[in-house]
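In case you want the letters, here they are:
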Amino acid sequence: MKHSIFEQGIKQGLFERVDRLQPDTKGKWGKLRVEQMVRHLSEANGMAFADIPMPDRSNLLTRTLFKWMFLSNIKPPGREEGNIRTFPEVDVVQLGTVVEDLEAEKVRYKNSVERLLAAPHLHPTHTAFGKMTREDWGLLAYAHADYHLTQFGV
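Residues numbered from 1 in each chain as written. Predicted model: local features only at pLDDT ≥ 70, side-chain atom pairs only at ≥ 80, totals over all residues. Heavy atoms only, no water.

Student: So what's going on with the packing of helix α2 (residues 34–45) against helix α6 (residues 134–151)? Which residues, and what values?
Tutor: Where α2 contacts α6, the axes come no closer than 10 Å and their chain directions differ by 170°. By the criterion of interaxial angle, the relationship of α2 to α6 is roughly antiparallel. Contacts from Met37, His40, Leu41, Ala44 and Asn45 in α2 reach Ala141, His144, Ala145, His148, Leu149 and Gln151 in α6. Of the residues in the contact of α2 with α6, the class split is 6 nonpolar, 5 polar and no charged. (Axes fitted to C-alpha atoms, helices over the stretch in contact; angles between N-to-C directions. Helix = DSSP H or I, 4+ residues; strand = E, 2+ residues; numbered from the N terminus. Parallel < 35°, antiparallel > 145°, perpendicular 65-115°, else oblique. Contact = heavy atoms within 4.5 Å. Nonpolar A, V, L, I, M, F, W, Y, C, P; charged D, E, K, R; others polar.)

Laid out in structure tokens, this is it:
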């Protein structure tokens, strides 16, 4: 279902789902441990502020079909088989990112969401999706969190 982090009640719903995660929560697919997944969500939210330098990887397909699919929260095929890869700059497993305990990572994620909500302007482009509006970032922040929280069964 298509939702935006900027919609009334969406933040609270995501925070409740994040709060249901436990240190022993396992993913249904992929390599992430639960605290790595929560950290990945925080890092990805930082893309809306260009916190991490990202090259332009966009092309006609990613700026149109893929962007529409992701912002509409259409689940990509192949996810359960681990066929979806993240961008190297936010791949906490490959980067060997040192993560804190789950509770600290939950706080970090919630702070990243609050930062999105408070920002009147966000970065004008995305590494794969090209031009982005504030509303586009809101849709993406929800869809990305929903994808990974579903991965971990919450």
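What follows picks up the thread again.
Student: How would you explain the nonpolar core if you had to name every residue and give the values?
Tutor: Ranked by internal contacts, the top residues of the largest apolar core, which has 35 residues, are Leu14, Leu21, Met37, Tyr109, Trp137 and Leu149. Residue assignment for this core shows that the elements contributing at least two residues are α1 (10–19), α2, α5 (102–118) and α6. If you tally residues by element for this core, the top one is α6, at 7 residues. When neighbours within four sequence positions are excluded, Leu149 is seen to be in contact with Leu14, Arg17, Val18, Leu21, Met37 and Val154. (Core = buried A, V, L, I, M, F, W, Y, C linked by side-chain atoms within 4.5 Å. Buried < 20%, exposed > 50% of the residue type's maximum accessible area, 1.4 Å probe, protein only.)

Student: Give me the lowdown on the environment of Thr62, citing residues and values where you can.
Tutor: Mapped onto the elements of the fold, Thr62 is located in helix α3 (residues 60–71). In sequence terms Thr62 and Met1 are 61 residues apart; their C-alpha atoms lie 20 Å from each other. Apart from the residues within four sequence positions on either side, Thr62 is in contact with Arg57, Lys67, Ala128 and Phe129. A distance of 2.9 Å separates a polar side-chain atom of Thr62 from the backbone nitrogen of Asn59. (Polar contact = N/O pair within 3.5 Å; in protein donor to acceptor, adjacent residues only side chain to side chain.)

Student: Residues and numbers for the packing of α1 against α5, please.
Tutor: It is the contact of α1 with α5, at a shortest axis distance of 11 Å, that shows an interaxial angle of 170°. Classified by the angle their axes make, α1 and α5 are roughly antiparallel. Listed contacts from α5 to Lys11, Leu14, Phe15, Val18 and Asp19 of α1 are Lys106, Tyr109, Lys110, Val113, Glu114 and Leu117. Partitioned by chemical class, the residues of the contact of α1 with α5 number 6 nonpolar, no polar and 5 charged.

Student: Give a detailed account of unusual backbone geometry, specifying residues and quantitative values.
Tutor: Even without glycine at this site, Ala50 takes up a positive phi of about 60°. On the basis of relative accessibility, which here comes to 36%, the residue Ala50 falls in the partly exposed class. In this model, Asn73 sits at a positive phi of 60°, which is unusual for a non-glycine residue. Examined against the element boundaries, Asn73 turns out to sit in the loop between α3 and α4 (92–95).

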